[in-house]
There are 2 protein chains.
Amino acid sequence: MPKASAKRKTKSRASSPKSRKHVYFFGGGKADGNRFMKDLLGGKGAGLAEMTNAGLPVPPGFTITTEVCNIYYKEQSKIPAGIDREIAEHIRKLEKAAGATLGSTDNPLLVSVRSGGKFSMPGMMDTILNLGLNDDAVEGLKRRTGNGRFAFDSYRRFIQMFGNVVLEIPKEAFEHELSAVKKAHRPQEAHRGPIAEGFREVLDTDLDEAAMREVVDRYKTAVKARSKHPFPQDPNEQLRMARNAVFRSWMNPRAIEYRRIYDIPDHIGTAVNVQMMVFGNTGDRSATGVGFTRNPATGKKEFYGEFLINAQGEDVVAGIRTPQPIGELEQAMPKAYRQLRNITTRLERHYRDVQDFEFTIQDERLFMLQTRSGKRTGYAAVVIATDMVAEKLITPKEAVLLVDPESLTQLLAPGFDQDQWRKIPTATRGLPASPGAASGQVVFSAERAVEWSQQGKPVILVRRETVPDDIHGMFVSQGILTATGGLTSHAAVVSRQMGKPSVVGAGSLDIDEEGRTFSVGGRTVKEGDFISFDGLTGEVKIARVASMPSEILQVVNKTVASATSEIYQRFERILSWADTFRRLGIRANADLPDQAAIAYAFGARGIGLCRTEHMFFGEGRIPIVQRMILAETEADRRKALDELLPLQREDFYGVFKAMHGDAVTVRTIDPPLHEFLPKREELMVDIARLETAGKTGAVLDEKRRLLHRVEQLHEFNPMLGHRGVRLGITYPEITEMQTRAVIEAACRVHKEGFHIVPEIMIPLVGDVKELRDQKAVVDRVAAETMKAQGVTIKYLVGTMIEVPRGVVTADKIATEAEFFSFGTNDLTQMTFGFSRDDVGKFLRIYQDKKILDKDPFASIDIEGVGAIVRMGVQLGRKTRPDLKIGICGEHGGDPASVHFFHDVGLDYVSASPYRVPVARLAAAQAAMSVKVGD
Amino acid sequence: MPKASAKRKTKSRASSPKSRKHVYFFGGGKADGNRFMKDLLGGKGAGLAEMTNAGLPVPPGFTITTEVCNIYYKEQSKIPAGIDREIAEHIRKLEKAAGATLGSTDNPLLVSVRSGGKFSMPGMMDTILNLGLNDDAVEGLKRRTGNGRFAFDSYRRFIQMFGNVVLEIPKEAFEHELSAVKKAHRPQEAHRGPIAEGFREVLDTDLDEAAMREVVDRYKTAVKARSKHPFPQDPNEQLRMARNAVFRSWMNPRAIEYRRIYDIPDHIGTAVNVQMMVFGNTGDRSATGVGFTRNPATGKKEFYGEFLINAQGEDVVAGIRTPQPIGELEQAMPKAYRQLRNITTRLERHYRDVQDFEFTIQDERLFMLQTRSGKRTGYAAVVIATDMVAEKLITPKEAVLLVDPESLTQLLAPGFDQDQWRKIPTATRGLPASPGAASGQVVFSAERAVEWSQQGKPVILVRRETVPDDIHGMFVSQGILTATGGLTSHAAVVSRQMGKPSVVGAGSLDIDEEGRTFSVGGRTVKEGDFISFDGLTGEVKIARVASMPSEILQVVNKTVASATSEIYQRFERILSWADTFRRLGIRANADLPDQAAIAYAFGARGIGLCRTEHMFFGEGRIPIVQRMILAETEADRRKALDELLPLQREDFYGVFKAMHGDAVTVRTIDPPLHEFLPKREELMVDIARLETAGKTGAVLDEKRRLLHRVEQLHEFNPMLGHRGVRLGITYPEITEMQTRAVIEAACRVHKEGFHIVPEIMIPLVGDVKELRDQKAVVDRVAAETMKAQGVTIKYLVGTMIEVPRGVVTADKIATEAEFFSFGTNDLTQMTFGFSRDDVGKFLRIYQDKKILDKDPFASIDIEGVGAIVRMGVQLGRKTRPDLKIGICGEHGGDPASVHFFHDVGLDYVSASPYRVPVARLAAAQAAMSVKVGD
């Protein structure tokens, strides 16, 4: 035991050479880093460096790299002295650039300390502002700004943030003190906030310097009482403590939860940005704001954002005060506004993407604090990408890379039936933060949202404002509705990212979270009542409203002409660009003609998996299937099969037609036969009831007979039982019937001019002899059928590779198989030893304990199942270099998995019809990206 | 389709170069081949060559190689002309050596045509004698021998064999004709056979030349009627047809069945031996016989065998006439007898093994027809091997190689309780052909034997004589009893090989196979009645008799002193020799102290698998376990675990003590928890009955409560569900309790002076993080426990490698695991996707269709599962070159699997206690043999 872990430690030390640079400076028009160093500097640090180099007005500062975060964890929460010295040197450099000194009583340097990983995690990480203030420096700040109220407000904000984030004192402790002071300082005249129409509270801005001094004193007392130490006065000590707190925040439960949802690995760590403070709250000539170069909800080309006069940046994002639209800045501070528009336009051009920026105006001087690619809805992504190509800002190739494949599903999400929607009165209107139609039962807490959604209820999470702790509740909700906050508030940002409809800042909502009600326009809505809202218009209605297919789906279903749908045109434009870049073929998993038609309309060119047994569930077919299963003799079984033959043939014919001649892979019967029979335990209970009631006669006898057969077919582990090729081998007459149906249907479409090549796929093969047995049956029946039909067609016989033994012996199987299709659902089951139907019992615990990063049934486990797939490809192609290989598990529609399948050299992926657009786009992005791993 | 098979064909042609020799001659003191060419010449051909080279009197002939058999199958039942020419040349050579000519009317050459593969398959393959006879040659034979009756008897035998084997005319057709002639020739005076006491039949020897001529005419007519062609008169044509029939017989159902039982591959093919006929049936100066250089049933050093005066070899083996003991040959033909003893003694010395030989005496001249290693019982094998070492005939190393590991299990098979046995009167006594005690219900056909044994009935197959078609019935029987035939009859040879008790030639049995009864000594025994017999004494009794442990088991159980048991002494001598040669360690799978004690006595040094959950089934424990499972809170669960702790600790203590300080691998809880609860469907039925009967109250409520929890735990595929490490991760308190019990018990035995190193094994690990999680629990609890006990002991934490993902990521798992143990049961399940509990539904069909050669749960599937094991070993040792690796699936006691595990470089195998001797011996043989494959 100790041996192995000692080894690990030695290794990790070895991988962080002392000579490496750990701190990167930016300021004075020059930065050590640049935008391409996100891994090391995080997104924020890389952006600050890039902006600095571009000559933009960025407050100077430095970035402590993500590597230091990892060292911090590996060295058990310690930072080596060498790195500490490197940081100290950069503090001196920053003091020089800022013309101010940490802790100075004349001109104190104040800094912000911010986290910033490679991927943006909005609101997930803790930030500390105004660091450097102490009892001396606050006087220096007052002296320099001539604004005592501002100086002490800054100090109390610092103590509050530092106390909460670094010293882990609950926020309530500070809020309690602030309330006490506010109560004592209730102002003469109250004024109303721009939207808030509820109870009038005392605002921070109502407090004067004396009151702020009192707050500071009370805060310091609170800190001492809670942390057993006085509030630290040494700015260098403050900085060290803050830095470590940022590192610690990387592993707080919110951050972990966020990374789990967005598949961000834990090991990449966060950087720490230390930057000279600038103040949007020095008075009415100051302001702070955030914005986007285009509308992130609709994609519309408009300058988009919000600002607050006399406020610090956190006030906008936190959504506590409802800010003003950014257009109003033009009146308030015309010069700064023009400079901002100019800079952001340059930024968009420079980065060739929509920018999400933060700025502060201190005494009418503009500072840029951050820029990054703006998160957007799927809808906006498509609009922006196509617009930017039209504007010749980017190439079609760049446009394809600008759209997140997964976000396309948002465009296919249902909307309201507009006729019904229009008739219902609008209860209120909020800010349309994320498009889509949401209808569900009101809940007021994330916990209740999770609980009810697990019971299958559609829920809408209604909150005054959301906080990062709400993530899991938002994840399960149909939509999110908040009363405060703007379009860049937490609720807005997160819901857009999740592709969930949201309406925020619906200020007329009077929410009683405790009492679990809200009232609006005189009506009271209780927990559990239905409401609906439209995330594109911001309208909220108190009613349950039926939804309807999205516009794109209406085009696909031909209820709307494609020419009249702008968004469909854009959607198809992106996808057809994508098609020119991808190498992977895209097929669909479709079992019936109507599914095949939708898949074709979405761009699938071929069916990768047609599950013949799904046809057995068609109307009136189950009794025939049951007769087949219950047959005691081969002759009786054949009789039932003869009845199924024309039905299957018609289905195949329909699927083939829907595919216009593209290849269709038909899988012979796969599931264990007892899936088609009544459940064993239900029969047992029925019989017990009849017996106990003293009944006799035909019904009981029939049930007993049925139970007898069901018992014979019963399996302890049906997933590992008598299914797949094992059925075909024991009942070759089933394979015969299915082959006949496929070939007859194919001959018919051939006669009609579609030269389809059906691919007959034998499932669950683990040994070449299994395939050889079934191939002989297929070839014999196909020859007979073609002769009878007087048509000769080409067809292929291949196999699903879905049991590990099939992979290990793939070289032998490829001597018979003309194609492989990886069945990654079963392969995942057997590689992990996880039953897909039972994994729910422990999967959540596995994810909580970080044993599994993600559900391996949703996104392929590259390390394990992926290695198996790679082996199967290599062995199969060793025997047959031109072997056609695809994948037809659920992973075919998951972008990360598609990327892997591209890398590993498959010929195509097959996805469910509605995921076909996602797969097309993901395949294009995979082809453009550098191949990762071997 | 056609592409792939065309490829295969091309390849196979390429691998049989025309230049290769296909026919090997022997005769005149010189042979082309030798004993080491069994692959090419088969066992018989290699033996004939070797004997010829040794100067023994062997009739000349030639061997067509096994390669030709494969060519025959690959070329769709054709032999290339080149090979045909090569055979023709050798016929000429043989005519020269024999001084006779095929088809000659003066001195015709007669040959036998016999099959002979690498492995002996007694009675499985068809043989043709007297080939070369036709209407002309038969007159030549009469002329040369002066014996018309003999000449025509030979001719009619030839027609009968050729007609049956080559032309596939049913035997009955010939028997019908023979009976007709016999009826017409009923002799004046009947004499009684030596043993046969029943109805007196007309014997073949009663027929004179005229009668035989009539038989020949009738046979020829029958052949023409059945085959639509006259009986072929051209001897070269006869030979070609016979040769091809031998090749065809390789694939007859009997031969396939035999190979399936004995794991002989299909692809090795059979050779064909064409040899000059010698005749044991030319009169009273001729004889034929078979024998062993030592007793193959008991191992006693005695000249052993039987002969028949004036008979052909087939008459002895077929068991139609009961032959004389070979000792009587000394009186009958003293010179030939001395020569035979002299030759066979030389043969045993030459081959350094017991020889099974066939000879014919033609007119007092001895010919050796075959010699090969004699099959023997496990008992005899041990006696012979130890005797031969004592005689300095062989070395201990050779002795170890002389015993089939599997056959050792025969020595552990139970015998009768001698007290009870002695009190029952003996109904009859037959020849003791294969030792062991058999008791069961009488059946008269192989089909009924199979049917009843599938119903769980113990059966004894009673037959007048067994035939190769009976193999499957013999396989399932407790023992075999026949009325005719000698110690080398089919029944005797096959039963010895199977390790089944048998008594043969019990002539006083009057068997009515049709009426399903036999009578003996005035009593009638019907199908289904119980009988018992002792295969070592030949006694048969009409009663059901309880069996008792074998002598060796009595020594192991210390009810008999080892010093007084000769067979135990020999058994242990062989095994201790084996121990000096093997590299693999041998452990046992044992869950409780008494099992561990037996395993230790059998030579296991260490426990490779102690299944802790088996301890849960101990008396009074299930209710505690159920309380643990049903607990709603961790606190309640801990309470139940606290009760289990002392019980598990005591069991571990007992197991550790039984192992005298050798390592014990304890596996933490593995099976899904619902295995310990009442069955779901039973509860449902109970509730349905109570409800239907209108019952209410506590019983119903309790059942509903229980059902609720059982439903929560219910799984669709428990084998792939919440079990193994997944339980430990979700309920770490179980791992804690089990660790505490192991470490407390280990501390206690340490205090008593046994420095055991317990190995705590986490099952079902597929990802290193699972192991890391559990290892942390184990290490923490172990440290706490050792501190509390005041003892520091060494222990290891490792894992079972049993899910494919564990193999694929074995390099990562080895960073934490201090040992691996392959769980090949689960690994086989998941690699094939076969549920062990359900595979019975199709395994038989798979074996019948030759898709699987053998049950992969009985003997490891080297191609698939083996490849996976090899990968796991390589990856694990890449990380940790000294990683201790074992295997603890059922395969640990299977010789072929042990061989593979040796090859792949494991450190030990762990077998069930009673298979430990098999594993010891198999491991030694593996170490001595050349490593096969990479």
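Since the structure is predicted, the reported quantities are computational estimates derived from the model, not experimental observations.

**Q** Which parts of the structure should I look at to understand the confidence of the model for chain A?
**A** Across chain A, pLDDT averages 89, with 94% of residues at or above 70. Residue range residues 188-200 of chain A is modelled with pLDDT below 50. Its contacts to residues more than four positions away, or to other chains, number nine contacts.

**Q** Mind showing me how you'd approach the side chain of A:K44 here?
**A** All names here are of chain A. Residue position: K44 is located in helix α2 (residues 38-53). Despite its burial, K44 remains without a salt bridge, the nearest opposite charge being carried by E358 at 4.8 Å. Here the side chain of K44 touches Q370 through a polar contact of 2.4 Å, side chain to side chain. Those residues within four positions of K44 in sequence are excluded, and the remaining contacts are R114, S115, N273 and Q370.

**Q** What is the right way to read the interface of chain B and chain A from this model?
**A** Interfaces are often sized by the amount of accessible area the parts lose when they come together. In this complex, chain B contributes 72 residues to the contact, which on the side of chain A involves 72 residues. Carbon and sulfur atoms make up 57% of the area that chain B and chain A hide from each other, which totals about 6300 Å². Viewed at the interface, chain A and chain B are joined by twelve salt bridges. Here chain B and chain A share 34 residue pairs in polar contact (both at pLDDT 80 or more) between them. Per-element accounting of the side of chain B that touches chain A gives the leading share, eight residues, to helix α26 (residues 680-692) of chain B. For the side of chain B that touches chain A, the class distribution of residues is 30 nonpolar, 15 polar and 27 charged.

**Q** Help me understand the pairing of strand β9 (residues 287-292) of chain B in this model?
**A** All names here are of chain B. Judged by how many residues are buried, β9 sits mostly within the fold: six of six residues are covered. Because side chains alternate across β9, one face comprises the buried residues A287, G289 and G291, and the other comprises T288, V290 and F292, equally buried. As defined by bridge partners, β9 adjoins strand β10 (residues 304-309) across six bridges and the pair is classed as antiparallel. Residue pairing for β10: F292 is matched across the bridge by Y304.

**Q** I'm lost on helix α29 (residues 732-751) of chain B in this one. Help?
**A** The α-helix advances 3.6 residues per turn, and as a result positions three or four apart in sequence lie on the same side. Look at α29(B): 28 Å from first C-alpha to last across 20 residues, which is about the 28 Å you get at 1.5 Å a residue. Downstream of α29(B) by a residue or two, B:G753 has a phi angle that is positive, lying close to 100°.

**Q** Just checking my understanding: could you explain the sheet that holds strand β17 (residues 437-443) of chain B for this structure?
**A** Hydrogen bonding along the main chain pairs the strands of a sheet, whether they run parallel or antiparallel. Residues and elements named next belong to chain B. Overall, mixed pairing links the eight strands, which are arranged β15-β25-β24-β17-β18-β19-β20-β16 in an open sheet. Whereas interior strands pair on both sides, the edge strands pair on one side only; in this sheet they are β15 (428-429) and β16 (431-434). When strand β24 (residues 530-534) meets strand β25 (residues 539-541), the two strands line up antiparallel, connected through two bridges. The residue bridging F533 from the neighbouring strand is V540, located in β25.

**Q** Any chance you could explain the relation of the copies chain B and chain A here in plain terms?
**A** Rotating chain B by 180° and translating it 0.0 Å along the rotation axis places it on chain A, where the RMSD comes to 0.2 Å. Considering both components of the superposition, the chain copies are consistent with a two-fold axis. Scanning chain B for the C-alpha nearest the rotation axis identifies B:N717, at a separation of 2.1 Å.

**Q** So what exactly am I meant to see when it comes to the pattern of salt bridges here?
**A** This structure, assessed with the given rule, holds 148 salt bridges over all chains. Across the pair A:R516 and A:E527 runs a salt bridge, and its minimum N-O distance is 3.3 Å. Highlighted residues: A:R516 in the loop between β21 (510-512) and β22 (517-520) and A:E527 in the loop between β23 (523-526) and β24 (530-534), separated in sequence by eleven residues. We classify A:R516 as partly exposed; its relative accessible area is 37%. Residue B:D106 pairs with B:R143 through a salt bridge whose shortest N-O separation is 3.8 Å. In this pair, B:D106 is assigned in the loop between β4 (101-102) and β5 (108-109) and B:R143 in helix α5 (residues 137-145), connecting sequence segments 37 residues apart. Across this residue pair, the class does not change: B:D106 and B:R143 are exposed. Three or more residues joined by partner-sharing salt bridges are found here, namely A:E634, A:R638, A:E736, A:R740, A:R780 and A:E784.

**Q** Sorry, what's going on with helix α26 (residues 634-658) of chain A here?
**A** All names here are of chain A. Between its first and last C-alpha, α26 extends 35 Å over 25 residues, near the 36 Å set by a 1.5 Å rise per residue. The largest bend along α26 measures about 30° and falls at L644, with the proline P646 one to four residues further on. Residue H660 follows α26 closely and has a positive phi angle near 55°.

Procedures and definitions
- Residues numbered from 1 in each chain as written.
- Chains lettered and ligands numbered in written order.
- Predicted model: local features only at pLDDT ≥ 70, side-chain atom pairs only at ≥ 80, totals over all residues.
- Heavy atoms only, no water.
- pLDDT = per-residue confidence, 0-100.
- Contact = heavy atoms within 4.5 Å.
- Helix = DSSP H or I, 4+ residues; strand = E, 2+ residues; numbered from the N terminus.
- Buried < 20%, exposed > 50% of the residue type's maximum accessible area, 1.4 Å probe, protein only.
- Lys, Arg positive; Asp, Glu negative; His and termini not counted.
- Salt bridge = Lys/Arg side-chain N within 4 Å of Asp/Glu carboxyl O.
- Polar contact = N/O pair within 3.5 Å; in protein donor to acceptor, adjacent residues only side chain to side chain.
- Buried area = accessible area lost by both parts, 1.4 Å probe.
- Nonpolar A, V, L, I, M, F, W, Y, C, P; charged D, E, K, R; others polar.
- Pairing = 2+ DSSP bridges.
- Expected span 1.5 Å × (residues − 1).
- Least-squares fit on C-alpha atoms with pLDDT ≥ 70 in both.
- Bend = angle between axes of the 7 residues up to and from the residue.

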